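Below, each chain spelled out in residue letters.
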Amino acid sequence: MSMQTLLSEIPLHAVIDRIGDHDHCQAGGTIGASGALAAALAQATANATRAMHPAPAQDAAAAHMQTTMRHARAEFLRLADADANAILEFVALEERGEPLAGYTLLCDGPRAMTDLAVAAAQAMQTFRAHVCERSHDDLEFAITLMTGVARAALQLLDSNLRIWPLPELLAAFEPHVTRLLQELDQLRPLVRIRSDV
């Protein structure tokens, strides 16, 4: 993908065609777009809650959720676009004799996506206590999706560290991997929606 055609600026069907028809797997862009969709769904549950004219505390929680998910959507799309162009930046850095900076760039994107996804999923879990009943299940779908995004982004980071097991990279990113694995363990997507089974 060139610098001129950002993933976030083309229609959804074109994004899917671009990813599916390409001979280079655009994992980071796919994960970022998925995160934006999960955040959008969670934002919709906050919109629905506020539309019910709830009590002030519930309305404040929903308003905070709207802001948090709006930011997450934009940041996921920014990261998806950055990932799509990271390989070009990597090549430029390598040509300038700075390969470690290029490897770091390719690892920092998925690290940032994982951090963002974990934080978004945590915010969604907090909002469980405030979401309106008619959007309760939709919030659970969003939590499940965002948890998957966090796991996929961390796998992408781990994959890059497997491909480039440089001591400098491992020293810089292994602490993030350890921390993020612990934070992922704190996410609790429901396995079943029905509580009577």
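Please refer to the structure higher up on the page.
Predicted model, so just to flag it, every value in this text is computed and none were measured.

A. Molecular detail of the overall build of the protein chain. Counting its regular elements, the protein chain contains 6 helices and 0 strands. For the protein chain, the α and β elements follow one another from N to C terminus as α-α-α-α-α-α. Relative to the compact-globule value of 16 Å for 197 residues, the protein chain shows a C-alpha radius of gyration of 18 Å, a close match. Seen through its C-alpha atoms, the protein chain measures out along the principal axes to roughly 60 × 35 × 35 Å. Excluding contacts between residues fewer than 6 apart, the proportion of contacts in the protein chain whose partners are at least 24 apart in sequence is 76%. For the protein chain, the accessible area works out to roughly 10500 Å², and carbon and sulfur atoms hold 59% of it.

B. Quick look at the layout of surface pockets. The volume enclosed by the largest pocket comes to roughly 470 Å³. Only helix H2 (27-51), helix H3 (56-95) and helix H5 (136-163) provide two or more residues apiece to the lining of the largest pocket. Considered class by class, the residues forming the lining of the largest pocket number 13 nonpolar, 7 polar and 1 charged. Considered as a void within the structure, the second largest pocket measures approximately 200 Å³ in volume. The wall of the second largest pocket is formed by Leu7, Ser8, Ile10, Pro11, Leu12, Val15, Ala33, Ala36, Leu37, Ala40, Arg73 and Leu77. By residue number, the principal contributor to the lining of the second largest pocket is H2, which donates 4 residues. When its residues are assigned to classes, the lining of the second largest pocket shows 10 nonpolar, 1 polar and 1 charged.

C. Main features of the side chain of Ser135. Here Ser135 shows up in the loop between helix H4 (99-127) and H5. A relative accessible area of 5% places Ser135 in the buried class. Apart from the residues within four sequence positions on either side, Ser135 is in contact with Thr45 and Ala48.

D. Highlighting the state of the cysteines. Summed over all chains, the structure comprises 0 disulfides. Free cysteine: Cys25, not disulfide-bonded; nearest cysteine sulfur from Cys107 at 18 Å.

E. Layout of the pattern of salt bridges. Under the criterion given, the structure shown has 8 salt bridges. Two residues, Arg111 and Asp115, come together in a salt bridge whose shortest N-O distance is 2.8 Å. Taken together, the residues Arg111 and Asp115, both in helix H4 and 4 residues apart, mark about one turn of the helix. Here Arg111 falls in the buried class, since its relative accessible area comes to 17%. The shortest N-O distance in the salt bridge between Asp115 and Arg179 comes to 2.8 Å.

F. Looking closely at the packing of H2 against H4. Look at H2 against H4: their axes get within 11 Å of each other, and the N-to-C directions meet at 20°. Of the possible angle classes, the one that applies to H2 and H4 is roughly parallel. The interaxial crossing formed by H2 with H4 has left-handed handedness. Note on element contacts: H4 touches H2 through Met113, Met124 and Phe127, opposite Gly28, Ile31, Gly32, Ala38, Ala39, Ala42, Thr45, Ala46 and Thr49.

Rules behind the numbers
Residues numbered from 1 in each chain as written. Predicted model: local features only at pLDDT ≥ 70, side-chain atom pairs only at ≥ 80, totals over all residues. Heavy atoms only, no water. Helix = DSSP H or I, 4+ residues; strand = E, 2+ residues; numbered from the N terminus. Rg over C-alpha atoms; globule rule 2.2 N^0.38 Å. Contact = heavy atoms within 4.5 Å. Areas by Shrake-Rupley, 256 points an atom, 1.4 Å probe, with all protein chains shown as cover. 1 Å grid on protein atoms, 1.4 Å probe; cavity = no way out; pocket = protein on both sides within 12 Å on 5 of 7 lines; lining within 4 Å. Points joined across faces, edges and corners; volume = space filled by probe spheres on them. Nonpolar A, V, L, I, M, F, W, Y, C, P; charged D, E, K, R; others polar. Buried < 20%, exposed > 50% of the residue type's maximum accessible area, 1.4 Å probe, protein only. Disulfide = S-S within 2.5 Å. Salt bridge = Lys/Arg side-chain N within 4 Å of Asp/Glu carboxyl O. Axes fitted to C-alpha atoms, helices over the stretch in contact; angles between N-to-C directions. Parallel < 35°, antiparallel > 145°, perpendicular 65-115°, else oblique. Left-handed = near helix turned anticlockwise from the far one by under 90°.

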